[in-house]
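Fold and contact review
One letter stands for each residue in the lines below.
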There are 2 protein chains.
Amino acid sequence: MATSDPVYLRVVEDIRRQINDGTLPPGAPIPSRAQLTRKYQVGETAARHALRVLVTEGLIIGRVGSGHYVRERPILMPLHRWRFPEHPTPFAADLQTQGRRVTWEWQIDSTEATPEIARRLRLPLSAKLTRTRYLYRGEGRPLQLAISYEPVEFAAHLDEERRGVMARMSAHGVRITEIRETVHTRVPRPAEADALQLPAGTHVLHVERTHWAGERPMETSDIVLPGDRFRVTYSMPVG
Amino acid sequence: MATSDPVYLRVVEDIRRQINDGTLPPGAPIPSRAQLTRKYQVGETAARHALRVLVTEGLIIGRVGSGHYVRERPILMPLHRWRFPEHPTPFAADLQTQGRRVTWEWQIDSTEATPEIARRLRLPLSAKLTRTRYLYRGEGRPLQLAISYEPVEFAAHLDEERRGVMARMSAHGVRITEIRETVHTRVPRPAEADALQLPAGTHVLHVERTHWAGERPMETSDIVLPGDRFRVTYSMPVG
DNA sequence: CGACGACCCTTGGAGCCCCAACTTTGCGGC
DNA sequence: GCCGCAAAGTTGGGGCTCCAAGGGTCGTCG
């Protein structure tokens with residue numbers, strides 16, 4: 001409102017308003033740098049800066065040679081947890097119940113515990129682990145990355161039919177009694193931005209999930225989701 | 001690695017590496033624009049752009065007239081949920097158990113249901129609601145915003161001693177049986193960035209919490225936390 | 001009628017410059 | 001020894017320009 005604040009903000013706020021109130025629907029082109037300078041009577045630097053801010057906010061996307069366009073408002077897919085604790089891929093399972101086809105790839109290898117993973121699994125640094133990397137896709141687009149770590153001795157049945165963590169562990173006489181998850185948000189690492197095809201400026205949701213058997217952590221995984229497309233939902237019965 | 005990618009990225013990656021491996025500890029000054037142009041043999045535009053990217057990523061902070069500094073790596077405060085379902089302010093409660101003093105302010109007023117809130121509470125748009133706005137502070141700094149909505153008839157005891165949602169409802173014969181929470185991340189709204197004193201480029205965690213009595217939603221709240229400082233933790237016993 | 005190339009426009013990288021507002025520092029005077 | 005002020009350095013807003021790479025369009029040629 002104040003006419004004293006930066007001119008590029010005037011442009012940003014005007015375009016943002018138009019996107020929010022639907023004047024500029026998803027897919028609509030944003031005026032080019034040259035058009036903005038004329039329309040708002042600002043220099044090229046200000047026009048360019050305004051566009052960059054909007055890209056960073058995830059509201060618009062720039063295509064070289066073509067223009068800037070209002071980004072598709074992603075349907076925030078609810079990822080119901082807790083109702084599928086026995087399923088190895090609750091996210092995928094739930095997405096399928098919503099009529100979406102979800103496919104996944106995974107790679108299994110062996111590794112040693114990093115400081116962070118050792119802390120989470122309460123194991124020494126030299127501990128041998130089986131690492132499984134998952135990439136989930138829906139409608140051709142990557143949806144979610146996950147890396148799971150568990151002691152090698154439990155991963156025996158993994159190749160044959162990908163049974164869930166809990167089923168696999170119970171085959172070894174280990175009963176999972178609790179799942180703990182921590183959700184936070186951060187800037188994607190370059191590899192993640194690449195794998196998930198994230199536009200610049202978007203954040204990811206990072207879910208840290210650990211399966212516990214009593215007081216012993218048995219498996220832990222890092223789940224990375226595009227933060228602007230996903231919600232993680234928890235349901236907790238009371239009393 | 002490739003010498004063909006933008007020069008500003010070379011600067012970004014070098015500084016990012018130094019921050020990550022501890023060469024530049026929290027609080028350490030980043031070379032100024034003029035120094036960067038000399039050190040990396042780049043133009044002012046590239047140096048400036050590199051700094052802006054690092055600010056956007058939340059790694060450094062710029063102070064006008066002084067310089068850029070490595071941001072304090074915030075201790076990601078774990079916010080354990082589920083263990084305090086009976087407490088109206090589980091976040092605050094948990095922070096106190098970690099030896100932090102947390103204070104809060106709140107304002108109560110009346111409002112009508114917005115489309116979003118009406119949907120969540122399954123009420124008509126004209127429904128009268130009691131809205132309570134909370135601002136939590138710890139060590140002087142704002143920590144968390146929350147806005148709670150509930151039908152006016154349940155808010156009776158709110159003034160006297162701020163009993164929790166569930167206790168207040170049970171005084172009216174309503175038994176809460178389930179809490180559902182949805183976590184996602186987004187860019188803060190201007191008012192939120194202001195209230196939470198968020199630096200540019202940081203995201204917030206948005207927790208949508210609804211208290212249910214059987215199949216009826218009874219109360220819903222929006223909880224907004226600085227995404228780079230907080231984790232939300234869920235613990236789920238497995239049957 | 002279809003394919004291909006020329007031309008225009010757009011983004012994104014990069015360079016250089018000016019200026020206001022603010023911080024830090026160091027020097028001179030009391 | 002201390003205070004205050006001036007000078008130097010720094011960020012952030014803004015302006016202008018050049019250029020490479022790529023998208024779009026239209027007209028021409030085979």
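In this report, we go over the structure that sits alongside the text. (Residues numbered from 1 in each chain as written. Chains lettered and ligands numbered in written order. Predicted model: local features only at pLDDT ≥ 70, side-chain atom pairs only at ≥ 80, totals over all residues. Heavy atoms only, no water.)

**Quick word on the overall build of chain A**
Counted only if it meets this: A helix here means a DSSP run of H or I that spans at least four residues, while a strand means a run of E at least two residues long, and both kinds are numbered starting from the N terminus. Residue contacts follow a heavy-atom distance rule, with two residues in contact if any of their heavy atoms lie within 4.5 Å. Values of accessible area rely on a 1.4 Å probe in the Shrake-Rupley scheme; residue burial ignores everything except the protein chains shown.
In terms of regular secondary structure, chain A is built from 8 helices and 11 strands. Considering only residue pairs separated by 6 or more positions, chain A has 55% of its internal contacts joining residues 24 or more positions apart. Looking at chain A as shown, the accessible area adds up to about 11900 Å², and 53% of this sits on carbon and sulfur atoms.

**A few points about the protein's contact with DNA strand C**
The test is simple: Here, proximity means that at least one heavy atom of the residue falls within 4 Å of the molecule or strand. Polar contacts here mean pairs of N or O atoms no more than 3.5 Å apart (in protein, one a potential hydrogen donor and the other a potential acceptor; neighbouring residues in sequence count only if both atoms are side-chain atoms).
Near DNA strand C there are 23 residues, and of these Arg33 of chain A together with Val7, Gly43, Thr45 and Gly65 of chain B occur at the shortest range. For DNA strand C, the backbone portion of the atoms within 4 Å of the protein, that is sugar and phosphate, comes to 57%. A distance of 2.7 Å separates a phosphate oxygen of DNA strand C from a polar atom in the backbone of Gly43 of chain B. One nitrogen or oxygen atom from the main chain of Gly65 of chain B is found 2.9 Å from a sugar or linking oxygen belonging to DNA strand C.

**What to know about the protein's contact with DNA strand D**
Taken together, 23 residues lie around DNA strand D, and Val7, Tyr8 and Thr45 of chain A together with Arg33 and Gly65 of chain B are the ones closest in. Taking all atoms of DNA strand D within 4 Å of the protein, the share assigned to sugar and phosphate is 57%. Take Val7 of chain A: an N or O atom from its main chain is 2.3 Å from a phosphate oxygen of DNA strand D. A distance of 3.3 Å separates a phosphate oxygen of DNA strand D from a polar backbone atom of Tyr8 of chain A.

**Side note on the packing of helix α1 (residues 7–20) of chain A against helix α2 (residues 33–40) of chain A**
All names here are of chain A. Selection rule: A fitted line through C-alpha atoms represents every axis, and for helices the fit uses only the stretch in contact; the resulting angles, taken between N-to-C directions, go from 0 to 180 degrees. The scheme is simple: roughly parallel for angles under 35 degrees, roughly antiparallel for over 145, roughly perpendicular for 65 to 115, oblique for anything else. When residues are grouped by polarity, Ala, Val, Leu, Ile, Met, Phe, Trp, Tyr, Cys and Pro land in nonpolar, Asp, Glu, Lys and Arg in charged, and all others, Gly among them, in polar.
Contact geometry for α1 and α2: axes closest at 11 Å, N-to-C directions at 105 degrees. It follows that α1 is roughly perpendicular to α2 by the angle criterion. Seen from α1, the contacting residues are Arg10, Val11, Asp14, Ile15 and Gln18; seen from α2, they are Leu36, Lys39 and Tyr40. Its residues assigned to classes, the contact of α1 with α2 shows 4 nonpolar, 1 polar and 3 charged.

**Looking at unusual backbone geometry**
In the Ramachandran plot, Arg122 of chain A falls in the positive-phi region, its phi being about 55 degrees despite a non-glycine side chain. Of note, Arg122 of chain A is situated in the loop between α5 (115–121) and β6 (128–138). In the Ramachandran plot, Gln41 of chain B falls in the positive-phi region, its phi being about 55 degrees despite a non-glycine side chain. Locating Gln41 of chain B in the fold gives a position in the loop between α2 (33–40) and α3 (44–56).

**Observations regarding the pattern of salt bridges**
For the record, the criterion: A carboxyl oxygen of Asp or Glu within 4 Å of a side-chain nitrogen of Lys or Arg is what we treat as a salt bridge. Burial here depends on accessible area, computed with a 1.4 Å probe over protein chains only, as a share of the maximum for the residue type. Under 20% is buried, over 50% is exposed, and the range in between is partly exposed.
Inspection of every chain in the model, using the stated rule, returns 26 salt bridges over all chains. When the shortest N-O distance is used, the salt bridge between Arg33 of chain B and Glu44 of chain B registers 3.8 Å. With a gap of 11 residues between them, Arg33 of chain B in helix α2 and Glu44 of chain B in helix α3 connect regions that are remote in the sequence. Given a relative accessible area of 40%, Glu44 of chain B falls into the partly exposed group. The salt bridge involving Glu112 of chain B is made with Lys128 of chain B; its shortest N-O contact spans 3.2 Å. A residue pair is termed long-range when its members are at least 10 positions apart, and Glu112 of chain B in strand β5 (residues 102–112) and Lys128 of chain B in strand β6 (residues 128–138) qualify at 16 residues. Through salt bridges with shared partners, a single ionic network connects Glu116, Arg119, Arg120, Glu208 and Asp222 of chain A.

**Re α2 of chain A**
All names here are of chain A. Put simply, the rule is: Arc definition: directions from the helix axis to the C-beta atoms.
Of all the positions in α2, only Leu36, Thr37 and Tyr40 are classed as buried. Buried positions in α2, seen along its axis, are confined to an arc of 100 degrees and lie on one side of it. Those residues of α2 that are exposed and aimed more than 90 degrees away from the buried face are Arg38 and Lys39. On its buried side, α2 packs onto α1 and α3 (44–56). Positioned one or two residues after α2, Gln41 has a phi angle of 55 degrees, which is positive.

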